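# Examining the three-dimensional arrangement
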Amino acid sequence: MTQPQFTQFSSPAKLNLFLHIVGQREDGYHELETLFQFVDHKDILEIRAISSPEIKLLTPIEGVAEQNNLIYKAAKILKEKTNSQLGAEIKINKILPMGGGLGGGSSNAATVLMALNELWQCQLSLNELAKIGLGLGADVPIFIHGHSAFAQGVGEKLTPQSPTEYWYLVSKPNCSISTADVFKDKGLPRNTSRLNTTKIELKDTHNDCQTLVIKNYPKVAKLLSWLLEYAPSRMTGTGACIFSQFNSKAEALLIQSKLPSKVESFVAKGVNQSPLLAELEALREKT
């Protein structure tokens, strides 16, 4: 029997345009308010269903054990939840930096859940997939629903939003930051007032993780200070990536050309719909 061809699927980055920590639950999880927007910069996953039941990750990520890789974990949990008799072969072209606050691992997990739901013909709804995804990480549901949104709770309560689609210069100093370490730190603010509206003015918001991170990571502090000379700039998530807002691609590219050495960067457009949604729609039309 001939195996099917691999199909490519997008796994985009996200920005937290702001991040407020409004409380902490008894189970240790933090209550958040944040505005998610995607950017058109992404990892590419190639996936095909296979008739044998194995999950095969053909491109291991250095330093990440297979059982800890969110790509593998997502495929395995979907298989368990649906009792699918099929397996999958998965390859990734890893573009997004790890430890940057861009949600790359969560995005990879969401893409695997969405893609295999189609390829295995599981017929789970978006809400069912998001519930599975939440068990893998708080950011997974936003990538499954695929629209920019105001998020509350631990990130699962989503209200669609359409923030301005600016051009962004996203910069990462030569360091990685553990999200778990940031959220465990006693110095992290946990009592920001809740927003009483979803009509959000970004000038009235901030990132509660930013002060703590720039105190503990001098490279982040130095880069943020430099970028603020040129454009409104803010850390995304728990860092280390910083996004700077521009009205045009040309302006963003100009400042990128001036960046200090040893700073990873890319220029990308903010987008309010994940490219994965159109790809899945096209796949459905073919089958």
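Above this note sits the structure.
Quantities reported herein were computed from a predicted structural model and do not represent experimental measurements.

### Overview of the packing of aromatic side chains
This structure, assessed with the given rule, holds four aromatic pairs. Geometrically, the ring pair formed by Trp226 and Tyr230 is tilted, given 4.7 Å between the ring centres and 45 degrees between the ring planes. For Trp226, a relative accessible area of 22% puts it in the partly exposed group. If you follow Lys91 out to its NZ or CZ, it ends over the ring of Phe6, 4.3 Å from the centre.

### Focus: the packing of helix α2 (residues 104–119) against helix α3 (residues 126–134)
Between α2 and α3, the least distance of the axes is 10 Å, while the angle of their chain directions is 135 degrees. Classified by the interaxial angle, the pair formed by α2 and α3 is oblique. In terms of crossing hand, the pair formed by α2 and α3 is right-handed. For the pair α2 and α3, contact is made by Leu113, Met114 and Asn117 and by Leu126, Leu129, Ile132 and Gly133, respectively. Taken together, the residues that form the contact of α2 with α3 break down as five nonpolar, two polar and no charged.

### Focus: the layout of surface pockets
In this model, the largest pocket occupies a volume close to 1200 Å³. Residue lining of the largest pocket: 46 residues in total, with Ser106, Gly137, Asp139, Thr179 and Ala180 positioned closest to the centre. Of all the secondary-structure elements, those providing two or more residues to the lining of the largest pocket are β1 (7–24), β2 (30–50), α1 (70–82), α2 and α5 (179–184). When grouped by side-chain class, the residues that make up the lining of the largest pocket number 18 nonpolar, 23 polar and five charged. As a volume, the second largest pocket reaches approximately 340 Å³. Lining the second largest pocket are 18 residues, with Pro4, Ala49, Leu119, Leu283 and Thr287 sitting closest to its centre. Put simply, the parts of the chain that give the lining of the second largest pocket at least two residues each are β2, α2 and α9 (275–286). Considering each element in turn, the lining of the second largest pocket owes the most residues, four residues, to β2.

What counts, and at which threshold
Residue positions within a chain follow its written sequence, with the count starting from 1. In keeping with the predicted nature of the model, local features appear solely for residues at pLDDT of at least 70, side-chain atom pairs appear and are counted solely at 80 or more, and the whole-chain, interface and lining totals rest on all residues. Calculation of side-chain values draws on the structure's entire complement of heavy atoms; hydrogens and water are dropped beforehand. Aromatic rings from Phe, Tyr and Trp, with only the six-membered ring used for Trp, were paired whenever their centres fell within 6.5 Å, and each pair was classed as stacked if the ring planes differed by under 30 degrees, edge-to-face if by over 60, and tilted otherwise. Residue burial is assigned from relative accessible area. The probe radius is 1.4 Å, only protein chains are included, and a residue is buried under 20% of its type maximum, exposed over 50%, and partly exposed in between. Charges are assigned to positions over rings by a cutoff of 6 Å between ring centre and Lys NZ or Arg CZ, combined with an angular limit of 35 degrees from the ring normal. Between N-to-C directions, angles cover 0 to 180 degrees, with each direction set by a line fitted to C-alpha atoms, over the stretch in contact for helices. In DSSP terms, a helix is any run of H or I states spanning at least four residues, a strand is any run of E spanning at least two, and both are numbered starting from the N terminus. Oblique is the label for any angle not under 35 degrees, not over 145, and not in the 65 to 115 range, which are roughly parallel, roughly antiparallel and roughly perpendicular in turn. For any pair of crossing helices, the crossing counts as left-handed if the nearer helix is rotated counterclockwise from the farther one by less than a right angle, and right-handed if it is rotated clockwise. By the convention used here, residues are in contact when the closest approach between their heavy atoms is within 4.5 Å. Residue polarity is assigned by list, with Asp, Glu, Lys and Arg as charged and Ala, Val, Leu, Ile, Met, Phe, Trp, Tyr, Cys and Pro as nonpolar; anything else, Gly included, falls into the polar class. Cavities and pockets are found on a 1 Å grid laid over the protein atoms alone: a cavity is a set of points where a 1.4 Å probe fits but cannot escape, a pocket is an open set with protein on both sides within 12 Å along at least five of seven lines, and a lining residue has an atom within 4 Å of such a point. Grid points are joined across faces, edges and corners, and a volume is the space filled by probe spheres set on the points.

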